[in-house]
Amino acid sequence: MENILKDKIKLGISACQYGAKFRYNGKGRDITELLGRDKGSFFWTPVCPEVMSGLGIPRTAIKLSKGNGNDFWEGNSFIKDRYGKNLSEKLKIGAEYSMNILKMADIDIYIYMDGSPSCGITRTSLKNKKIGNPPGIFGSLLLRENFFLISALDLENPLKWWDCKRRLVTYHWLKKIDLENIENRKNVWDLIKYLVEELSLEKFNEINLELENENYNFVEEIQNILKKSSTVEKIKEYLWKNYLLLEKMYDVKFNINSPEVLRSSTEVYQEILEIQKYVRQEDKFFASSPINYKP
């Protein structure tokens with residue numbers, strides 16, 4: 001089975017992180033510039049629920065009151081500005097409109113601005129490092145629709161972005177494979193099982209047991225696992241494990257450190273780049289990043 005994805009992946013992103021000066025204070029940044037050549041490997045669709053609610057730029061800062069974004073859609077919390085004006089109805093329209101745009105573009109992967117009362121997932125406030133009431137109102141919709149979610153902050157760290165990219169590429173590749181056939185399912189599993197094992201050993205063991213069960217939702221289970229980030233420690237552990245596999249298969253050697261060697265995430269990323277350069281040039285298989293993305 002070919003472990004290459006040639007389709008260009010579509011990504012949604014908070015517009016204020018794609019260069020649009022859409023934040024309440026008229027500021028914005030293009031965080032995608034940090035990706036270098038990777039930026040051109042994706043189609044981008046920026047949205048901003050607040051601007052699409054007609055609030056304008058600049059605008060008074062808003063916040064969630066009496067609950068979080070989930071409560072908001074149940075009618076139990078609301079959005080107000082600093083003067084106490086209730087903007088809930090406007091924000092509902094903007095959030096739903098933004099979601100409709102992503103759906104029309106056939107997008108289910110989104111890079112969000114954390115700390116926003118609209119787009120935030122783990123926090124809805126940046127003031128004094130308070131968490132606020134997460135998720136935000138648009139963040140709540142993204143979670144409800146089971147989006148593959150990436151924090152914009154993860155684009156600032158090369159190792160975190162590498163982790164995001166390998167997972168979202170594998171996630172998208174799975175959509176293209178016919179997995180009704182048990183033999184196909186086994187072939188897919190052989191390609192991606194090491195990545196799944198790194199992300200969740202518990203789910204790895206479960207899938208191994210259910211692999212030949214035709215009623216087991218193989219794709220959905222794996223895609224949900226792929227939505228969860230790895231850690232530096234797990235990346236180092238499985239980088240070493242998969243490097244030894246690579247060494248055994250192809251009789252090659254690289255300057256890769258074992259997991260117990262202390263080094264920065266930047267140094268770990270440089271080790272990964274050394275291996276990836278080889279496997280791409282030689283068309284070899286590297287289990288830590290199993291799908292070769294060639295849009």
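Residues numbered from 1 in each chain as written. Predicted model: local features only at pLDDT ≥ 70, side-chain atom pairs only at ≥ 80, totals over all residues. Heavy atoms only, no water.

1. Section: a positive patch on the surface
On the surface, Lys63, Arg82, Lys127 and Lys130 cluster together into a positively charged patch. Assignment of secondary structure puts Arg82 in the loop between strand E5 (78-81) and helix H2 (88-104). (Patch = residues over 30% accessible without salt bridge, like charges linked within 9 Å, V, L, I, M, F, W, Y side chains within 5 Å. Areas by Shrake-Rupley, 256 points an atom, 1.4 Å probe, with all protein chains shown as cover. Salt bridge = Lys/Arg side-chain N within 4 Å of Asp/Glu carboxyl O. Lys, Arg positive; Asp, Glu negative; His and termini not counted. Charge placed at Lys NZ, Arg CZ, Asp CG, Glu CD. Helix = DSSP H or I, 4+ residues; strand = E, 2+ residues; numbered from the N terminus.)

2. Observations regarding the side chain of Ser288
Inspection of the secondary structure assignment puts Ser288 in the loop between helix H9 (265-282) and strand E8 (292-293). Side chain to side chain, Ser288 and Asn242 meet in a polar contact 2.8 Å long. For Ser288, the contacting residues outside a window of four places in its chain are Trp162, Arg166, Leu195, Tyr238, Leu239 and Asn242. (Polar contact = N/O pair within 3.5 Å; in protein donor to acceptor, adjacent residues only side chain to side chain. Contact = heavy atoms within 4.5 Å.)

3. Focus on the packing of aromatic side chains
In this structure the tally under the stated criterion is 12 aromatic pairs. The ring of Phe43 has Lys8 lying over it, and the distance from NZ or CZ to the ring centre is 4.9 Å. One Lys or Arg, Lys92, reaches over the ring of Phe72 and ends 5.8 Å from the middle of that ring. (Phe/Tyr/Trp six-rings, centres within 6.5 Å; stacked < 30°, edge-to-face > 60°. Lys NZ or Arg CZ within 6 Å of the ring centre and 35° of its normal.)

4. Topic: empty space enclosed by the protein
In this approach, a probe sized like a water molecule rolls over the atoms, and the result shows the empty space that is left. Going through the model one piece at a time under the given rule, you end up with one cavity of 30 Å³ or more. By volume, the largest cavity amounts to about 130 Å³. Val279, Arg280, Lys284, Ser289 and Asn292 are the residues nearest the centre of the largest cavity, which is lined by 13 residues in total. Ranked by residue count, the leading element in the lining of the largest cavity is H9, at three residues. Its residues assigned to classes, the lining of the largest cavity shows six nonpolar, four polar and three charged. (1 Å grid on protein atoms, 1.4 Å probe; cavity = no way out; pocket = protein on both sides within 12 Å on 5 of 7 lines; lining within 4 Å. Points joined across faces, edges and corners; volume = space filled by probe spheres on them. Nonpolar A, V, L, I, M, F, W, Y, C, P; charged D, E, K, R; others polar.)

5. As for the pairing of E5
The side-chain alternation of E5 yields one buried face, formed by Ile79 and Asp81, and one unburied face, formed by Phe78 and Lys80. Bridge count between strand E4 (residues 62-65) and E5: four bridges; the pairing is antiparallel. Across the sheet, residue Ile62 finds its bridge partner in E5, namely Asp81. (Buried < 20%, exposed > 50% of the residue type's maximum accessible area, 1.4 Å probe, protein only. Pairing = 2+ DSSP bridges.)

6. Examining the sheet that holds strand E6 (residues 109-112)
Strand order in the open sheet formed by four strands is E3-E2-E6-E7, and the pairing between neighbours is parallel. Each of the sheet's edge strands pairs with one partner strand only, and the pair in question is strand E3 (42-47) and strand E7 (148-151). Between one strand axis and the next, the sheet turns by 25° as a mean value, whatever way the strands run. As paired elements, E6 and E7 share four bridges and run parallel to each other. Pairing of Ile109 across the sheet is with Phe148, part of E7. Relative to E3, H2 is tilted by about 165°, and along the sheet it contacts strand E2 (9-14), E3 and E6. (Axes fitted to C-alpha atoms, helices over the stretch in contact; angles between N-to-C directions.)

7. Quick word on helix H5 (residues 182-199)
Most pronounced at Ile192, the bend in H5 amounts to some 55°. Residues Ile182, Arg185, Val188, Trp189, Leu191, Ile192, Leu195, Val196, Glu197, Glu198 and Leu199 constitute the buried set of H5. In this fold, the buried residues of H5 make contact with helix H4 (158-174), helix H6 (201-210), helix H7 (218-226) and helix H8 (232-250). (Bend = angle between axes of the 7 residues up to and from the residue.)

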